[in-house]
Each structure stands twice: as structure tokens, then as C-alpha cells.
Amino acid sequence: MKTPSKFPSNAYFGAALLVVFFLLTHFQVHAQVSSAPKDSVLVLKKEKATYVHFPIYIDASIEMTGPFWIGANANAGVYLNRKHAIGVSIFTGGPSSLGDSYNMTCLGLQYSYNIILKHSLKDILYYKLEAGKVIHYLWTADAISVVSQQFDLKHSQPYYARVTAGLRIEYFNVYVALGSTGNLKTNYVLETGYTGTNSYNFTHFTFGGGLTLPMHKSKKTSASK
């Protein structure tokens, strides 16, 4: 009678050892991963600059063309968004040459289109359209003495229009402007008692510069990535 082979028993025993080894290895690796400290996860942070958008702008500037035209300009308005703005403007000035001096004061509305340079809001190239009314006009002369004069609104064309191209850099503003008015007329009385009229229309090309309240301020914040 033959003795039964022991191979199946050895095979079952080896398989059982493999299963136990797999289970021990699996639970050991899982325990090590689960117990890993949370601070071992790397979090990358970088600092970046953001910009706060002011809804208003204010400009105050002086402009001239050589010795013949000197004026002052003040603007205030609101930004509809980063590119478009509307506001009001007060302008005063005029030419002075050959003994005659002219001065006018204008009040108008303006539309500004802004181009953001370098995507930073720090530098703004802008184009501005401005139109309004001449509310005050005076003529003086060195050779004669004008006692009184009155702006003749009935027979004048007291409108004005200007086109401006400029650059706002931080708190400064530089620009060039081309402007024109309708015919302006005054009735005057001289010291001698003579009465007369004076009429003039302005066309000017000027350079200006001044201070500005910019539409931005920068602050640094941290962002996670």
C-alpha cells in the first residue's frame, strides 16, 4: 500500500503563508501612510500685487503755448469702468499778444477713454472729448482804458470744444489739447466815453501738466497655489 503524497498539504501551507505576508505588508504600509504628519504636505505661496480701483479722478493743471496762451484747467469725474469715464471741466485762460489780452472761463462736460499701460493701472494713456459753454469773456488792451464791458450772450456763440490726449503717471498728468470756441462778443465803454464792440474766436493748441488723483493704489497680498 502506497503512502499518500504530502505535496497538497505543503502547497496549502505555502499559500497560507503568502496570504498572511500580503496582509501584514498591506496593513503596515497603510498605517504608515495614514500616520504621516499633515504638515509634510508642501503648500506653495507667492506674493502678488493687487490694485484697488478708485471710482473718481481729479486733475488740476496749467497749460500754455509759448508766451501767448496761458490757462488753467480742473477736471473731476467718475470711472464707469477701467476704460470709460465721464466728468465736468472748468477751464480759464486765453491769448495775450500785441497789447491785447483775452480771457474766457468755460464750463463743460467731458468723456474720457483710458488705455491701461502694462496691465498695472499705474500708467494710463487717455483721450478726452470735452464740450461746453463759455460763461465769462473779457477783453483788455494796454493802449486804452476799458471802463466797463458786458458779455453779449445774444449775439455771441458761447460754445467751446476740446480734444485732449494725455498720460497719467502716478500722481502727475501731462497732455496736449486742441480747442476752439464760437465767436465771442463784448460791448465795452472806454474812459473817453466811447462805446464799441469786440469779438473774437479762440483756436488753440496747448501743452499742459499738473497733479492728478489716480485711479489706483497698490497693495500686496498672498495667494496660494
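It should be noted that the structure appears before, not after, this text.
A brief look at the structure comes next. (Residues numbered from 1 in each chain as written. Predicted model: local features only at pLDDT ≥ 70, side-chain atom pairs only at ≥ 80, totals over all residues. Heavy atoms only, no water.)

### A short note on the pairing of strand E12 (residues 203-213)
Stated formally: In this description, strands pair whenever DSSP reports at least two bridges between them. Only DSSP runs of H or I reaching four residues or more are called helices, and only runs of E reaching two or more are called strands; each is numbered from the N terminus.
Here strand E2 (residues 56-65) runs beside E12; their pairing, made up of 7 bridges, is antiparallel. What sits directly across from Ile58, in E12, is Leu213. Alignment of strand E9 (residues 172-181) against E12, held across 9 bridges, turns out to be antiparallel. For Ser180, the partnering residue across the bridge sits in E12 and is Thr203.

### A short note on the side chain of Ser156
Definition in use: Contacts described as polar in this section are N or O atom pairs within 3.5 Å, which, within protein, must combine one atom able to donate a hydrogen with one able to accept it, while residues neighboring in sequence count only if both atoms come from side chains. Whether two residues are in contact is decided by their heavy atoms, any of which lying within 4.5 Å being enough.
The residue Ser156 is located in the loop between strand E7 (146-151) and strand E8 (159-169) in this model. Within polar-contact distance, the side chain of Ser156 engages the backbone oxygen of Asp152 at 2.5 Å. Polar side-chain contacts of Ser156 include one of 2.9 Å to the backbone nitrogen of Lys185. Ignoring anything within four residues of it in the chain, the contact list for Ser156 reads Phe151, Asn183, Leu184 and Lys185.

### So, the pattern of salt bridges
Counted only if it meets this: Salt bridges are defined by distance alone: a side-chain nitrogen of Lys or Arg within 4 Å of a carboxyl oxygen of Asp or Glu. When a residue's accessible area, from a 1.4 Å probe over protein chains only, is under 20% of the maximum for its type it is buried; when over 50% it is exposed; and in between it is partly exposed.
This model, assessed by the stated rule, comprises 3 salt bridges. Here Arg162 makes a salt bridge to Glu63, at a shortest N to O gap of 3.0 Å. Placement of the pair is Arg162 in strand E8 and Glu63 in strand E2, with a sequence separation of 99 residues. By relative accessible area, Arg162 is classed as buried at 2%. Residue class for Glu63 comes out buried when judged on its relative accessible area of 0%. Through salt bridges that share partners, Glu63, Glu130 and Arg162 make up one connected network.

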